[in-house]
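Letter by letter, the chains look like this.
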Amino acid sequence: MKQKILITGASSGIGEALAYAYAKQGAVLGLIARRKDRLDSVADKCKSLGGTVYNYPMDVTDQTIIKFTIQNFIDDINNIDMVIANAGVGGMDDLKNGDATETNRILTTNILGISNTVIPCIPKMIEQQRGHVVVVSSVAGFRGLVAHGAYSASKAAIRIMADSWRYSLSHYNIQVTNICPGFIETPLVKKNRFKMPFLMDADTAAMKILSAVEKRKKCYIFPWQWKILLPLIKVIPDWLIKWGSTKANI
Ligand SMILES: NC(=O)c1ccc[n+]([C@@H]2O[C@H](COP(=O)([O-])OP(=O)(O)OC[C@H]3O[C@@H](n4cnc5c(N)ncnc54)[C@H](OP(=O)(O)O)[C@@H]3O)[C@@H](O)[C@H]2O)c1
């Protein structure tokens, strides 16, 4: 049976790689992102790999349009197997200029973009008594990173929201998987000036995500080194973090 999957943030990086990986399996894909030209070229490649594609160039922060679009997608394909809420933005806090615009952009995209995407899929999944919700969080969501408070907070928020959804939706045979990647080589991390530890390419990341989803993991942290490091990062004393950030001039 061909899987029917909605993926947000499919115009680049992890979302694009996931689209290709599922297209190779012959999936029916609904792809969402804002850049139409990028989305069109991803769709063309997915079709050449064996997928069927519905393209929706739009902004996940627009609750009304996203809801309407997802309902149309589900009506067109009759049912939905999986939603992968992956769209997200990075960025540093801009605390000094007294303007919350950048912080709010990150929080809105990374939190409301997820709820706007997932919740319209739920009534159909309940009706079907099956489905899989995949939320792309981050290892950055386990402790407030220096200068990235909004990003860390957004990733922690969606991980906890997804954990809660898992309890509520288990009654309807709906799985919920939290994906927590470390550094993945995509446009999102291009600006990083430091050497990113355990950097992984997007295609390998996509294959690992596919496997975790297939195994119905609740929370998948990768590359594996982060699973060991995260408990240690949680107990680093504040003074050491302050000292390090002063040294690095962050
Ligand atoms: N790369 C990493 O190291 C890393 C690590 C942990 C977690 N993640 C998470 O993985 C997810 C994918 O990121 P990536 O690394 O693949 O970065 P990316 O290449 O920059 O991809 C981000 C995707 O999100 C889409 N997007 C952003 N804002 C959107 C909006 N308002 N509406 C619709 N689509 C929007 C972008 O498309 P348009 O610009 O065309 O809209 C793009 O397709 C993000 O949630 C990110 O936080 C990444």
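Treat the numbers as computed from the prediction; the structure is a model and nothing was measured.

What follows covers the packing of helix α4 (residues 101–118) against helix α6 (residues 149–169). Where α4 meets α6, the closest approach of the two axes is 8 Å, and the angle between their N-to-C directions is 20°. It follows from the interaxial angle that α4 and α6 lie roughly parallel. Considering the relative orientation of α4 and α6, their crossing is right-handed. In contact with Thr103, Ile106, Leu107, Asn110, Ile111, Ile114, Ser115 and Val118 of α4, α6 contributes Ala150, Tyr151, Ser154, Lys155, Ala157, Ile158, Met161 and Trp165. Residue classes in the contact of α4 with α6 are distributed as 11 nonpolar, four polar and one charged.

Below, the discussion takes up the layout of surface pockets. In this model, the second largest pocket occupies a volume close to 290 Å³. Lining the second largest pocket are 14 residues, with Gln3, Met82, His132, Val213 and Arg216 sitting closest to its centre. Taken together, the elements giving at least two residues each to the lining of the second largest pocket come down to β5 (131–136) and α7 (202–214). If one sorts the elements of the lining of the second largest pocket by residue count, α7 sits on top with three residues. Looking at the lining of the second largest pocket residue by residue, the class counts come to four nonpolar, six polar and four charged.

The next point concerns the environment of valine 60. Note on placement: valine 60 falls in the loop between β3 (52–57) and α3 (63–77). For the pair valine 60 and lysine 247, spaced 187 residues apart in sequence, the C-alpha separation works out to 38 Å. Contacts of valine 60, omitting those with residues within four sequence positions, involve Thr8, Ile32, Ile66, Ala87, Thr109, Leu112, Gly113, Asn116 and Thr117.

What follows concerns the nonpolar core. Nonpolar side chains in soluble globular proteins tend to be buried together. Residues Ile7, Leu18, Tyr22, Leu29, Leu31, Cys46 and Ile84 are the most contacted members of the largest nonpolar core, which totals 36 residues. Here the element with the most residues in this core is helix α1 (residues 13–24); it accounts for eight residues. Among residues more than four places away in sequence, those in contact with isoleucine 7 are Gly15, Leu18, Ala19, Tyr22, Leu29, Gly30, Leu31, Ile32 and Ile84. By size, the runner-up hydrophobic cluster in this structure holds 28 residues, among which are Tyr56, Ile66, Val133 and Val135.

Another aspect to go through is the site of the ligand. In the vicinity of the ligand there are 30 residues, among which Ser12, Ile14, Arg34, Tyr151 and Thr186 approach most closely. Glycine 9 places a main-chain nitrogen or oxygen 3.1 Å from an oxygen atom of the ligand. Lysine 155 has a polar side-chain atom sitting 2.9 Å from an oxygen atom of the ligand. Elements with a minimum of two residues in the shell around the ligand: α1 and α6. In terms of residue class, the shell around the ligand is made up of 15 nonpolar, 11 polar and four charged.

Reading the values: rules and limits
- Residues numbered from 1 in each chain as written.
- Predicted model: local features only at pLDDT ≥ 70, side-chain atom pairs only at ≥ 80, totals over all residues.
- Heavy atoms only, no water.
- Axes fitted to C-alpha atoms, helices over the stretch in contact; angles between N-to-C directions.
- Helix = DSSP H or I, 4+ residues; strand = E, 2+ residues; numbered from the N terminus.
- Parallel < 35°, antiparallel > 145°, perpendicular 65-115°, else oblique.
- Left-handed = near helix turned anticlockwise from the far one by under 90°.
- Contact = heavy atoms within 4.5 Å.
- Nonpolar A, V, L, I, M, F, W, Y, C, P; charged D, E, K, R; others polar.
- 1 Å grid on protein atoms, 1.4 Å probe; cavity = no way out; pocket = protein on both sides within 12 Å on 5 of 7 lines; lining within 4 Å.
- Points joined across faces, edges and corners; volume = space filled by probe spheres on them.
- Core = buried A, V, L, I, M, F, W, Y, C linked by side-chain atoms within 4.5 Å.
- Buried < 20%, exposed > 50% of the residue type's maximum accessible area, 1.4 Å probe, protein only.
- Near = heavy atom within 4 Å.
- Polar contact = N/O pair within 3.5 Å; in protein donor to acceptor, adjacent residues only side chain to side chain.

Read these as layout, nothing more, since geometry by itself doesn't imply function.
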